[in-house]
Amino acid sequence: MSRTGVVPMTTTADRISTIVDLDHVCFSYAGERVVEEVSLQIRRGAFLGIIGPNGSGKTTLLRIILGLLRTECGHVRLFGTDLTSFRDWRRVGYVPQRAAFESRFPASAFEVVMSGRCGVVGLGHRFDVYDRALALDALDIVGMAGERDRLIGNLSAGQQQRVFIARALASGPELLVLDEPTVGVDLEAQEQFYSLLRRLNRDRKTTLVLVSHDVAVIAKEVTQLACLNRTLIFHGSPEDAIASGAIEQMYRPSSLLVSHRH
Ligand code: ADP
């Protein structure tokens, strides 16, 4: 039920096209509520940016979507299946914050990308020609096929970032989730990075969810914005987010729920 008490009409087509469905989701760390009553639907083909100040619950929300944190209340459905019984994780790719990458281990770009196939073939199974072809294809998509034998630690921050996207793409995901992906990446590499995301979204129809605190950059790249500050303040087009004042609202200390448009 919505906040107005009206039960929204959902059709079968809506359910099929909804890849992520968060329904009144809450989460607390040690009794402190950091995500409050968030309801958000992400449709197939969307390029959604989740923005909000530091500590507003963005990473926590991503971790809930990825099944890494269990909600305290509400429901999460992925591809129409309740998260508690969802097993088809090859459909979801994840690119964590750059700081979380272990870039010093002695693996080549190709080996890092191959490790993204583990979730598909299972640990302990031998990779075959098909796995190798998909890993090479993923490196090709991100423009890193020529660097495949270089050690990951010897690549620039922007190149490492692209290799980790290729790793996430190697399982052929329909949904790609990225957490603050351009932190520490220079401006030119950022531009290449967003151009890559636009191509993935437009040409490969990959649904993208990207968390960032860089409002100015995100607002011009994505097709939808979700403004989060513990509660969901706004969900809709970047133009409406700006026009409605939702972005300013989000950075006020006591933000209230002002709008939720699809
Ligand atoms: P954001 O990604 O928007 O910066 P987070 O989701 O990381 O926000 O954090 C939301 C709130 O939860 C913050 O107040 C943060 O300090 C707190 N928090 C995050 N992770 C933990 C944790 N593992 N234990 C306790 N508190 C946490």
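Small disclaimer: the values here were computed from a predicted structure and weren't measured.

A. Geometry of the state of the cysteines. Scanning the entire structure with this criterion turns up one disulfide. Residue cysteine 26 pairs covalently with cysteine 73 via a disulfide, S to S 2.3 Å. Disulfide cysteine 26-cysteine 73: torsion about the S-S bond near -65°, hence left-handed. On the criterion of sequence distance, the pair formed by cysteine 26 in strand β1 (residues 18-29) and cysteine 73 in strand β4 (residues 73-78) is long-range, its members being 47 residues apart. In this structure cysteine 73 comes out as partly exposed when scored by relative accessible area, which is 26%.

B. Up close: the site of the ligand. What surrounds the ligand is the set Tyr29, Val34, Pro53, Asn54, Gly55, Ser56, Gly57, Lys58, Thr59 and Thr60. One of the side-chain nitrogen or oxygen atoms of threonine 59 is found 2.8 Å away from an oxygen atom of the ligand. Burial of the ligand by the protein amounts to 55% of the accessible area it has alone, namely 560 Å². If one sorts the elements of the shell around the ligand by residue count, helix α2 (residues 58-65) sits on top with three residues. Considered class by class, the residues forming the shell around the ligand number three nonpolar, six polar and one charged.

C. View of the pattern of salt bridges. By the definition in use, this model includes 13 salt bridges. Glutamate 72 serves as the salt-bridge partner of arginine 33, at 3.2 Å between the closest nitrogen and oxygen. One end of the pair, arginine 33, is in strand β2 (residues 32-43); the other, glutamate 72, is in the loop between α2 and β4, and 39 residues separate them in sequence. Connected through shared salt-bridge partners, Arg44, Asp88, Arg90, Arg91 and Glu174 make up one network.

D. Region of the structure containing the sheet that holds strand β9 (residues 224-229). Reading across the sheet, the six strands line up as β6-β7-β8-β3-β9-β10 and stay open at both edges, with mixed pairing between neighbours. Both edges of this open sheet fall to β6 (92-95) and β10 (231-236), since each of them pairs with a single strand only. On average, each strand axis in the sheet is tilted by 15° relative to the strand beside it, whichever way the strands run. Strand direction decides the pairing type here: β9 and β10, joined by five bridges, are antiparallel. Across the sheet, residue asparagine 229 finds its bridge partner in β10, namely threonine 231. Where helix α6 (residues 157-169) meets the sheet, it contacts β6 and β7 (175-179), and its direction lies at approximately 160° from that of β6.

E. View of the packing of helix α5 (residues 129-141) against α6. Between α5 and α6, the least distance of the axes is 8 Å, while the angle of their chain directions is 140°. One finds that α5 runs oblique with respect to α6. In this structure, the crossing between α5 and α6 has a hand that is right-handed. Contacts between α5 and α6 involve Ala138, Leu139 and Ile141 from the former and Val163, Ala166 and Leu169 from the latter. Among the residues forming the contact of α5 with α6, the class breakdown is six nonpolar, no polar and no charged.

F. Expanded view of the packing of aromatic side chains. Taken as a whole and judged by the stated rule, the model has four aromatic pairs. When the ring of phenylalanine 79 is compared with that of phenylalanine 86, the centres are 6.0 Å apart and the planes differ by 15°; the resulting orientation is stacked. Both residues of the pair, phenylalanine 79 and phenylalanine 86, belong to the buried class. A centroid spacing of 5.2 Å and a plane angle of 75° characterise the contact between phenylalanine 193 and tyrosine 194, whose relative ring orientation is edge-to-face. A relative accessible area of 3% means that phenylalanine 193 is categorised as buried. A network of ring pairs unites the aromatic residues Phe79, Phe86 and Trp89 as a single cluster.

G. Layout of the nonpolar core. Counting 46 residues, the largest nonpolar core has Val163, Ile165, Leu176 and Leu197 as its most contacted members. Ranked by the residues each element gives to this core, the list is headed by α6, at six residues. In this structure, Leu40, Leu61, Val76 and Leu232 belong to the second largest nonpolar core, which totals 32 residues.

About the thresholds
- Residues numbered from 1 in each chain as written.
- Predicted model: local features only at pLDDT ≥ 70, side-chain atom pairs only at ≥ 80, totals over all residues.
- Heavy atoms only, no water.
- Disulfide = S-S within 2.5 Å.
- Helix = DSSP H or I, 4+ residues; strand = E, 2+ residues; numbered from the N terminus.
- Buried < 20%, exposed > 50% of the residue type's maximum accessible area, 1.4 Å probe, protein only.
- Near = heavy atom within 4 Å.
- Polar contact = N/O pair within 3.5 Å; in protein donor to acceptor, adjacent residues only side chain to side chain.
- Areas by Shrake-Rupley, 256 points an atom, 1.4 Å probe, with all protein chains shown as cover.
- Nonpolar A, V, L, I, M, F, W, Y, C, P; charged D, E, K, R; others polar.
- Salt bridge = Lys/Arg side-chain N within 4 Å of Asp/Glu carboxyl O.
- Pairing = 2+ DSSP bridges.
- Axes fitted to C-alpha atoms, helices over the stretch in contact; angles between N-to-C directions.
- Contact = heavy atoms within 4.5 Å.
- Parallel < 35°, antiparallel > 145°, perpendicular 65-115°, else oblique.
- Left-handed = near helix turned anticlockwise from the far one by under 90°.
- Phe/Tyr/Trp six-rings, centres within 6.5 Å; stacked < 30°, edge-to-face > 60°.
- Core = buried A, V, L, I, M, F, W, Y, C linked by side-chain atoms within 4.5 Å.

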